[in-house]
Every structure is written in C-alpha cells, then in structure tokens.
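Single-letter residue listing:
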Amino acid sequence: MKIIEYPDTDIMMMDVANVLAEDLSEALHTKDRVTLAVPGGTTPGPVFDALSAVDLPWERVDVMLTDERWVPEDHERSNTALVKARLVTNRAVGARFFPFFAPAEKPEDVLADIEAALIGAMPVDIAVLGMGADMHTASLFPDSDGLEAALAADAPVLVPVRKAGLPDVRVTLSARVLDGAMRKHVLIKGDDKKEALVQARGLSPREAPIKAVLDGAQIHWSKG
Ligand SMILES: O=C1O[C@H](COP(=O)(O)O)[C@@H](O)[C@H](O)[C@H]1O
C-alpha cells in the first residue's frame, strides 16, 4: 500500500482523474474492453467530472459501482444517479453502465439476474474505492449482516448487506472481486479517515473491511 498525500483536495481530484485516465488508456491497449468500478458517496464527484472530460474510447469501457444502496435511481441516496450525472456523461457518455439496482422489494429477489448481466464485464480491471471513518469500503461494513459472506474467498460477485442504523439495504461487490482488480485506488479526505486507515493496517478485514483491499493499493489522501 502506498499513500500519496496531496497539499490540496482540488489537486488530488485532478491528479486522480489523470491517473485513472492513464490506467484506462494503458488497459485499453491490451484489452478489447476494460472494467472500471467506482465508489458512490460524497467524495468522488470531482474526479468523475474531470475523468468524463477525457478523450478515451469510452465505448470500450464498462463502468459499475463498487456498491449501491437499494433505492431507485431518482432517489437522493442513489449512487447510480451520481455516476450517471457526473461520470457516464460528457465524453464518457458512450461507456456501458451496469446498475446494481432493479425494482424489487429486496436485492435477493433479483440479484441473480443483476449478477448474470455482469459476467461479461468481469474481472474488474481498475477499482476506485472510498472509505468511511468506520473503516468500511464499498458496502463492506464492520458488524454488518453480509460482511462474512462478502469477505469469503469464494464469495459471489455481489452480496446484499444490511446493518442496523443504515437507512438502506446495500448491494456490494465482494472483497475478492474488488481486491482482484489490476489497479486499486483508495480516495479519502480528512484526518479522521487517515487515522482510520493507519489503524486498519493492524486489524483484520472483519474488524476493518478496508484491510481486505489494501494490498497493492494506492491511497490518495488530502486533508480536505
Ligand atoms: O456509503 C458509502 O460510503 C463510502 C464512503 O463515502 P463518503 O461519502 O465518505 O465518501 C463510499 O465509498 C461507498 O461507495 C458508499 O456507498
């Protein structure tokens, strides 16, 4: 794991967009299609804005989230809404987007179909990950129902996750899928997240789920 500390958040967002553009361009030289997995939440929007302005053969890029909340696309907490509005737009409008939500009461009712649609887009080549101060990444939350299944060596691609106190059920790429990406970038802001990350290094993935994806990852941090 390598930590890159940026003097300023705007600079970090631009630099990470450039690094991702280089990763994509390199991968597109050797593969017909390349899969990029990206986080939702409050942090990555500016990276998406900059990356979507880059001239790449986006029609050969498959985009998916690292995780989704079980809410429809027009909901304020939908990660899909964020990615569609800020990444799969502009020059990147031709990228193929794979949603993790379908209208059903619970993920288990439709997860097999959602997963089947992902087969052609596996494995993930480039993963961008966020992290909460509780050391969760994607929707791999400590003390959640689903974490054990999502950390298993033979985990499915997608796992439903529930945690008391969270407003929504989640669907997350499993740890083995995220960790298996050729390039992994963790994007975090703030002293609390840096401290959590340092602490996570000494803990198990069950205690600190981010630990499951840290091997070989580049960490991008700014004070925020
Ligand atoms: O719930 C989520 O949280 C993490 C971190 O989000 P942030 O708002 O603290 O940046 C995010 O990476 C994940 O995709 C999202 O669903």
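Along every chain, residues carry numbers that run from 1 in the direction the sequence is written. At least 70 in pLDDT is required for a residue's local features to be given in this predicted model, at least 80 for side-chain atom pairs to be given and counted, and no such filter applies to totals for whole chains, interfaces and linings, which use all residues.

Requested: an account of the overall build of the protein, with residues and values cited.
The way it works is that DSSP assigns letters per residue, a run of H or I at least four long becomes a helix, a run of E at least two long becomes a strand, and they are numbered from the N terminus. Each helix and strand counted, the protein has seven helices and ten strands in total. The C-alpha radius of gyration of the protein comes to 16 Å, within 12% of the 17 Å expected for a compact globule of 224 residues. Taken along the three principal axes of its C-alpha coordinates, the protein extends 40 × 40 × 35 Å. Three exposure classes are used, all based on how many other C-beta atoms lie within 10 Å of a residue's own C-beta (placed from the backbone): buried at 20 or more, exposed at 12 or fewer, and partly exposed between those limits. A buried classification covers 46% of the 224 residues belonging to the protein. Taking the contacts inside the protein whose residues are at least 6 apart along the sequence as the reference set, 73% of them involve residues at least 24 apart. Atoms counted for the radius of gyration: C-alpha only. Globule rule: 2.2 Å times residue count to the power 0.38. Note on contacts: residues are paired as contacts if their backbone-placed C-beta atoms lie within 7 Å.

Run through the sheet that holds strand 4 (residues 67-69), naming residues and quoting values.
Note on pairing: DSSP must find at least two bridges between two strands before they are called paired. Strands sit in the order 4-8-7 across an open sheet of three strands; the sheet is antiparallel. Edge strands, defined here as strands with exactly one partner in the open sheet, are strand 4 and strand 7 (158-161). Pairwise comparison of adjacent strand axes, ignoring direction, gives a mean angle of 20 degrees for this sheet. Examined bridge by bridge, strand 7 and strand 8 (residues 170-173) share four bridges and lie antiparallel to one another. Paired with Val-161 across the bridge in strand 8 is Arg-170. Lines fitted to the C-alpha atoms define the axes, with helices restricted to the stretch that makes contact. Angles between their N-to-C directions range from 0 to 180 degrees.

Could you give an account of the UniProt feature "domain: Glucosamine/galactosamine-6-phosphate isomerase" (unreviewed entry) in the protein, naming the residues involved and the relevant values?
UniProt positions are given in the numbering used here, feature names are shortened, and annotations may be inferred rather than shown by experiment. UniProt feature "domain: Glucosamine/galactosamine-6-phosphate isomerase" (unreviewed entry): in the numbering of this structure it lies at residues 8-221. This span, residues 8-221, is 30% helix and 18% strand, and a straight line between its end C-alpha atoms measures 9 Å.

Any chance you could break down the site of the ligand for me, citing the residues and the numbers?
Lining the immediate surroundings of the ligand are Pro-39, Gly-40, Gly-41, Thr-42, Thr-43, Thr-66, Asp-67, Asn-79, Gly-130, Gly-132, Ala-138 and Ser-139. The nonpolar class holds Ala, Val, Leu, Ile, Met, Phe, Trp, Tyr, Cys and Pro. Asp, Glu, Lys and Arg form the charged class, and all remaining residues, Gly among them, are polar. The residue inventory of the shell around the ligand, partitioned by class, reads two nonpolar, nine polar and one charged. We count a residue as near a molecule or strand when its backbone-placed C-beta atom lies within 6 Å of that partner.

With reference to specific residues and values, describe helix 3 (residues 79-86).
Among all positions of helix 3, only Asn-79, Thr-80, Val-83 and Arg-86 are buried. Looking straight down helix 3, one finds that the buried residues subtend no more than 160 degrees of arc, so they occupy a single side. Regarding the arc, it is the one traced by the directions from the helix axis to the C-beta atoms.

A description of the nonpolar core should follow, citing residues and the corresponding values.
Nonpolar cores are built from buried Ala, Val, Leu, Ile, Met, Phe, Trp, Tyr and Cys residues. These are joined into a set through C-beta atoms within 7 Å. Counting residues in hydrophobic clusters, the biggest one holds 66 residues, and the most contacted among them are Ala-37, Val-63 and Leu-178. The leading source of residues in this core is helix 1 (residues 9-30), at six residues. If we ignore the near neighbours within four places in the chain, the residues touching Val-63 are Leu-36, Val-38, Val-83, Leu-87, Val-88, Ala-95, Arg-96 and Phe-97.

Kindly report on the pairing of strand 10 (residues 218-222), identifying the contributing residues and their values.
Counting buried residues along strand 10, four of its five residues qualify, which places the element largely inside the surrounding structure. With five bridges connecting them, strand 1 (residues 2-6) and strand 10 associate as parallel partners. The residue of strand 10 that forms the bridge with Lys-2 is Gln-218. Relative to strand 10, strand 9 (residues 183-189) runs parallel, the two sharing five bridges. From the neighbouring strand, Lys-189 faces strand 10, where its bridge partner is Ser-222. In this region the chain leaves strand 9, passes through helix 7 (residues 191-200) and returns to the parallel neighbour strand 10; the handedness of that crossover is right-handed. Here is how to tell: hold the view so the strands point away, follow the path from the first strand over the helix to the second, and if it runs clockwise the crossover is right-handed.

Tell me about the confidence of the model for the protein, residues and numbers included.
Low pLDDT marks regions whose predicted coordinates should not be analysed in detail. pLDDT is a residue-level measure of predictor confidence that goes from 0 to 100. On average, residues of the protein score 98 in pLDDT, and 100% of them are at 70 or above. Model confidence for the complex is summarised by a pTM of 0.98, with the ipTM given as 0.98.

Quick one: what's the story with the environment of His-29, residue by residue and with numbers?
For His-29, the location among the structural elements is in helix 1. Expressed as a C-alpha distance, the spacing of His-29 and Val-171, which sit 142 residues apart in the sequence, is 31 Å.

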